[in-house]
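Report on the structure
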Amino acid sequence: DAKTTQPNSMESNEEEPVHLPCNHSTISGTDYIHWYRQLPSQGPEYVIHGLTSNVNNRMASLAIAEDRKSSTLILHRATLRDAAVYYCILSRQGAQKLVFGQGTRLTINP
Amino acid sequence: IAGITQAPTSQILAAGRRMTLRCTQDMRHNAMYWYRQDLGLGLRLIHYSNTAGTTGKGEVPDGYSVSRANTDDFPLTLASAVPSQTSVYFCASSRDPTSGPEAFFGQGTRLTVV
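Residues numbered from 1 in each chain as written. Chains lettered and ligands numbered in written order. Predicted model: local features only at pLDDT ≥ 70, side-chain atom pairs only at ≥ 80, totals over all residues. Heavy atoms only, no water.

What follows deals with the overall build of chain A. Summing up its helical and strand segments, chain A has zero helices and nine strands in all. Its helices and strands taken in sequence order, chain A reads β-β-β-β-β-β-β-β-β from the N to the C terminus. A compact globule built from 110 residues would reach a C-alpha radius of gyration of about 13 Å, and chain A, at 13 Å, matches this within 12%. When the backbone C-alpha atoms are referred to their principal axes, chain A occupies close to 40 × 30 × 25 Å. Taking all 110 residues of chain A together, 44% fall into the buried category. Taking the contacts inside chain A whose residues are at least 6 apart along the sequence as the reference set, 57% of them involve residues at least 24 apart. Taken as a whole, chain A presents about 5700 Å² of accessible surface, with 45% of it coming from carbon and sulfur. Once the 10 positive and 10 negative side-chain charges of chain A are each reduced to a mean point, those two points are 7 Å apart. (Helix = DSSP H or I, 4+ residues; strand = E, 2+ residues; numbered from the N terminus. Rg over C-alpha atoms; globule rule 2.2 N^0.38 Å. Buried < 20%, exposed > 50% of the residue type's maximum accessible area, 1.4 Å probe, protein only. Contact = heavy atoms within 4.5 Å. Areas by Shrake-Rupley, 256 points an atom, 1.4 Å probe, with all protein chains shown as cover. Lys, Arg positive; Asp, Glu negative; His and termini not counted. Charge placed at Lys NZ, Arg CZ, Asp CG, Glu CD.)

Here the focus is the interface of chain B and chain A. Taken together, the contacts link 21 residues of chain B with 19 residues of chain A. Linking chain B with chain A are zero salt bridges. Elements supplying a minimum of two residues to the side of chain B that touches chain A: β4 (31-38), β5 (42-49) and β10 (103-105) of chain B. Broken down by element, the side of chain B that touches chain A gets its largest block of residues, four residues, from β5(B). Here the residues of the side of chain B that touches chain A sort into eleven nonpolar, eight polar and two charged. (Salt bridge = Lys/Arg side-chain N within 4 Å of Asp/Glu carboxyl O. Nonpolar A, V, L, I, M, F, W, Y, C, P; charged D, E, K, R; others polar.)

If you want it as C-alpha cells, here you go:
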C-alpha cells in the first residue's frame, strides 16, 4: 500500500477554516484518497474521498494536487465538535482493507 | 437506524479464557472487518469478510478467528486470551469491497486481558 504522511498535530480556532495536508508521493493511478476522522472514544467516521478532481460534501472539501502527490482536507468553518484525529488513507478500487496511519490530531480552540 | 452494533462495550478478561466479541450490522452490507487499535499503532486489520460465507486474514490475525454465517453478523473469537490482546476492537462494514469506499465503524469494544 502506498504511504501517506501527515503532520502529527494541528491547532485552529473555532469558526475559522482548517486545512489539513497529506502527502502521498508514491500514489498510483488507481489509488483513491480517503479521509476518515475519529472523535474521542468513538470509531472512525468517513469524511470524504476522491480520485483526481476536487470534491465537496456536507462535511468538508477535498483538494487534490494536479500531480496527485498531495491533497488537503478543508473544513470550511471549524467547530469544537471537529476536534478529532484525521486520517488520510490511500486505497485501490476493490481493495479489501483501509490501512490507517497515525493521522493528524486536530485541536480546536474556542 | 442502528448501523453497526458491538457488544460488549468493555470487558476485563482473565488470560487463557475464551471470548467472543459480537458485531451486528443492519445495513445489508456485504463486507465486514475487524480492526484493533493500540496507542501509538493506529488501527490494524485483524480479519475481514467480503461476503457471507467467506473470510480472510488481515495484518494481525494470529490468536483470532472469525465466522460469517450470515450477512448481518461477524463475531470475533479469542480462543485463549493473552495480555497482548488488550486493545480497543472496532468492527466495520462497507456495502461492497469493490465499489464505494465508505466504511461504517462501530463504537468499539475495550478489552483488557489480565
